[in-house]
Amino acid sequence: MRADASTTPEQACPIAPVVDLVFSRWTTPILWVLNEFGRQRFVELERRIGSITPKVLTQRLRQLERDGLLIRTYHAEVPPRVEYEISDLGRSLAPLFATLADWSTANLPKVEEARSAYDSAS
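Model, not experiment: these values are computed from the prediction. (Residues numbered from 1 in each chain as written. Predicted model: local features only at pLDDT ≥ 70, side-chain atom pairs only at ≥ 80, totals over all residues. Heavy atoms only, no water.)

## Digging into the sheet that holds strand 2 (residues 70-75)
In step 1: In space, the three strands of this open sheet follow the order 1-3-2, with antiparallel pairing throughout. A strand with exactly one partner marks an edge of an open sheet, and here the two such strands are strand 1 (40-41) and strand 2.
In step 2: As paired strands, strand 2 and strand 3 (residues 81-86) are joined by six bridges and run antiparallel to one another. Counted as the bridge partner of His 75 is Arg 81 from strand 3. (Pairing = 2+ DSSP bridges. Helix = DSSP H or I, 4+ residues; strand = E, 2+ residues; numbered from the N terminus.)

Right, here's the structure in full:
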């Protein structure tokens, strides 16, 4: 199918909605941590991710729960405890993440070389 002026981005590139969903800022680190380390409390996620603010982490967790990529479990105890875990839908992204990790190991040095070559030619 050839794109024309009326073609939506989703029609032109059918993976665009997936990229927007999975690769928005902080989504990938959150899902990676939950996939690698299992169920986590808020403070554990915050520590493992590092530079994310509590406000942004809260927003991203809510969005990921809404999207069905993670499960939030509230434990009514004193003090209250909330845990997050990756859902089966979120876990289904693991092969994609593994492929991207392999690609980055093999190709990020080449990207750095290309950048250096470009920068020194400019």
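## Describing the pattern of salt bridges
In step 1: Applying the stated rule across the entire model yields six salt bridges.
In step 2: With a closest N to O distance of 3.1 Å, Glu 112 and Arg 115 form a salt bridge. Of this pair, Glu 112 and Arg 115 both sit in helix 7 (residues 94-121), three residues apart, which is roughly one turn of that helix.
In step 3: Beyond isolated ion pairs, a larger network of salt bridges with shared partners links Arg 39, Glu 77, Arg 81, Glu 83 and Glu 85. (Salt bridge = Lys/Arg side-chain N within 4 Å of Asp/Glu carboxyl O.)

## Some details on the UniProt feature "domain: HTH hxlR-type" (unreviewed entry) in the chain
In step 1: According to UniProt, the feature "domain: HTH hxlR-type" (unreviewed entry) maps to residues 13-112 in the numbering used here.
In step 2: Along residues 13-112, the helical share is 62% and the strand share 14%, with 27 Å between the first and last C-alpha atoms. (UniProt positions renumbered as here; feature names shortened; annotations may be inferred.)

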